[in-house]
Amino acid sequence: MSDDGGLALLLLGPAGATGLYWYLYRYYRNTDKSHAFERETVVEAKPVTGSDQDRKIDEVKGTRETRISGDNVREFRKRVKRIQSDTS
Amino acid sequence: MSYKCTGCGAEVTVNTESAMTARCHWCRHVFGVNEQVANGAVPDAVLPFHIKKDDAVARIRQFVDKRRMFALKEFKEQFTPENVVGVYLPYMIVDGKASADVAGQGEILTRTYTQGSGDKKKTYYDADVYEIGRHVDFTVDDLPLESSNERGNLNTGVNTNNIINTILPFDTKNAVKWNASYLSGFSSEKRNQDVEHLRPRLEEQLLSIARCQVEGSVGRFDRGVRWQQERLDVHGTRWVAMYLPVWLYSYQQGGKGGMLHYIAVNGRTGETMGSVPVQQWKLILAALTVGTFLEAIAFVILGSSS
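Residues numbered from 1 in each chain as written. Chains lettered and ligands numbered in written order. Predicted model: local features only at pLDDT ≥ 70, side-chain atom pairs only at ≥ 80, totals over all residues.

Q: Just give me the short version of unusual backbone geometry, but keep the residues and values in it.
A: Phi is mostly negative for residues that are not glycine, and the peptide bonds are mostly trans. Here the residue pair B:L168 and B:P169 is connected by a cis peptide bond, since its omega of 0° sits within 30 degrees of zero. A positive phi is found at A:N30, a non-glycine position, where the angle reads about 50°. In this structure, A:N30 sits in the loop between α2 (12-29) and α3 (37-40). Under the C-beta neighbour-count criterion, A:N30 is labelled buried, with 21 such atoms within 10 Å. Even without glycine at this site, B:D142 takes up a positive phi of about 55°. (Helix = DSSP H or I, 4+ residues; strand = E, 2+ residues; numbered from the N terminus. Buried ≥ 20, exposed ≤ 12 C-beta atoms within 10 Å, placed from the backbone.)

Here you go:
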């Protein structure tokens, strides 16, 4: 067995203990729960536009990351830089 | 808050923190808060309780029965779901029309390859980077916002209001015009937040909804998208102050850092959520036991393979 694999196996105990603690804690306290308003609100939306303007600007070669850095496509509630609208 | 006296037409101020009726200073006519003039602590509409107390008690009991093993000893000893209270909590129900723009970068995988061999084998990826933007026009219907400052604070580090937030939404379409007689037999809390206080939270939620809406249009970026800028234009909103029915069981945890733990039942749908305080040493002991067991297995595997 490789050194990497052996080290990973040794982490099984601490990782399992931490994981179980958080799993049970959240099952009892539900600190991670909130109203899923993104999906539970009645929203009527016109078709999303803008995909015809997608523009290739660069290429990444030989990265070991499986996702783009700072991926937030599913983190709807994580706010990014807000551009103020002209009207307000 | 100001009322118009139905006896003589004079304006009378009532402190609605303490009383729901008042006597006109001029004509001595007594009237109730139903005859309100200005928009204030009294809501526009109310959604009456539909779930009965027995039902709420049963749901709370069922919720706690699943969470007994690691629950705080005092909580279990004092657990009396019959003490649940029916509370009308103040919300603003918002309809809105908005547009949102988001901009950022997305990546599409073009090549996957491995280099090295055996233990040194590593996987590499090539990708195309795109600059992307999306626009969406949308309307939202009956978005509920807590309209009391205390209930709107959802910081789980200091309170368990997120529990009450989680049992949203309600069938607010069935709300009826406010009438104080709905309050009899129930408790209620006051609204202390106005449209202007709540607007930032509404805008945050509209942006979150917009980001959820555009997700489906960026599926081809299989390495994900990093949104960097967002913009919201609100074209119009409509606000209704409404009392929503909640069955609330509470337990005050004593000691350092002890907080008020809620178990809440949606008074219409019966959706139940709660915070059960934990007996920390039991939880830690269980985690350590399982951790030790897993570590023992790890050692056995390591020992047999070397």
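Q: I'd like a description of the interface of chain B and chain A, backed by residues and values.
A: Each partner contributes to the interface: chain B provides 79 residues, whereas chain A provides 67 residues. Counting only elements with at least two residues in the side of chain B that touches chain A, the list comes to β6 (85-115), β7 (122-146), α4 (161-166), α5 (195-214), β10 (225-252), β12 (272-274) and α6 (280-305) of chain B. No other element matches the 22 residues that β7(B) contributes to the side of chain B that touches chain A. For the side of chain B that touches chain A, a count of residues per class yields 37 nonpolar, 22 polar and 20 charged. Where strand β2 (residues 55-63) of chain A meets β7(B), six bridges bridge the pair, whose relative direction is antiparallel. Pairing of A:V60 across the sheet is with B:A127, part of β7(B). (Contact = placed C-beta atoms within 7 Å. Nonpolar A, V, L, I, M, F, W, Y, C, P; charged D, E, K, R; others polar. Pairing = 2+ DSSP bridges.)

Q: Tell me about the packing of α2(A) against α6(B), and name the residues and values.
A: α6(B) packs onto α2(A) with a crossing angle of 150° between their chain directions and a minimal axis gap of 7 Å. Judged by the inter-axis angle, α2(A) sits roughly antiparallel to α6(B). Remark: the crossing between α2(A) and α6(B) carries right-handed chirality. Facing A:L12, A:G13, A:P14, A:G16, A:A17, A:L20, A:Y21, A:L24 and A:Y25 of α2(A), the residues of α6(B) in contact are B:L283, B:I284, B:A286, B:A287, B:L288, B:V290, B:G291, B:T292, B:L294, B:E295 and B:A298. When the residues that make up the contact of α2(A) with α6(B) are grouped by side-chain class, the tally is 15 nonpolar, four polar and one charged. (Axes fitted to C-alpha atoms, helices over the stretch in contact; angles between N-to-C directions. Parallel < 35°, antiparallel > 145°, perpendicular 65-115°, else oblique. Left-handed = near helix turned anticlockwise from the far one by under 90°.)

Q: Could you give me a rundown of the pairing of β6(B), with the residues and numbers involved?
A: All names here are of chain B. Strand direction decides the pairing type here: β6 and β10, joined by 22 bridges, are antiparallel. If you follow S99 over to β10, its bridge partner there is D233. Bridge count for β6 against strand β9 (residues 187-188) is two bridges, and the pairing is parallel. Bridge pairing in β9 links Y88 to S188. Two strands pair when backbone bridges link them, and β6 and β7 are joined in this way by 23 bridges, in the antiparallel orientation.

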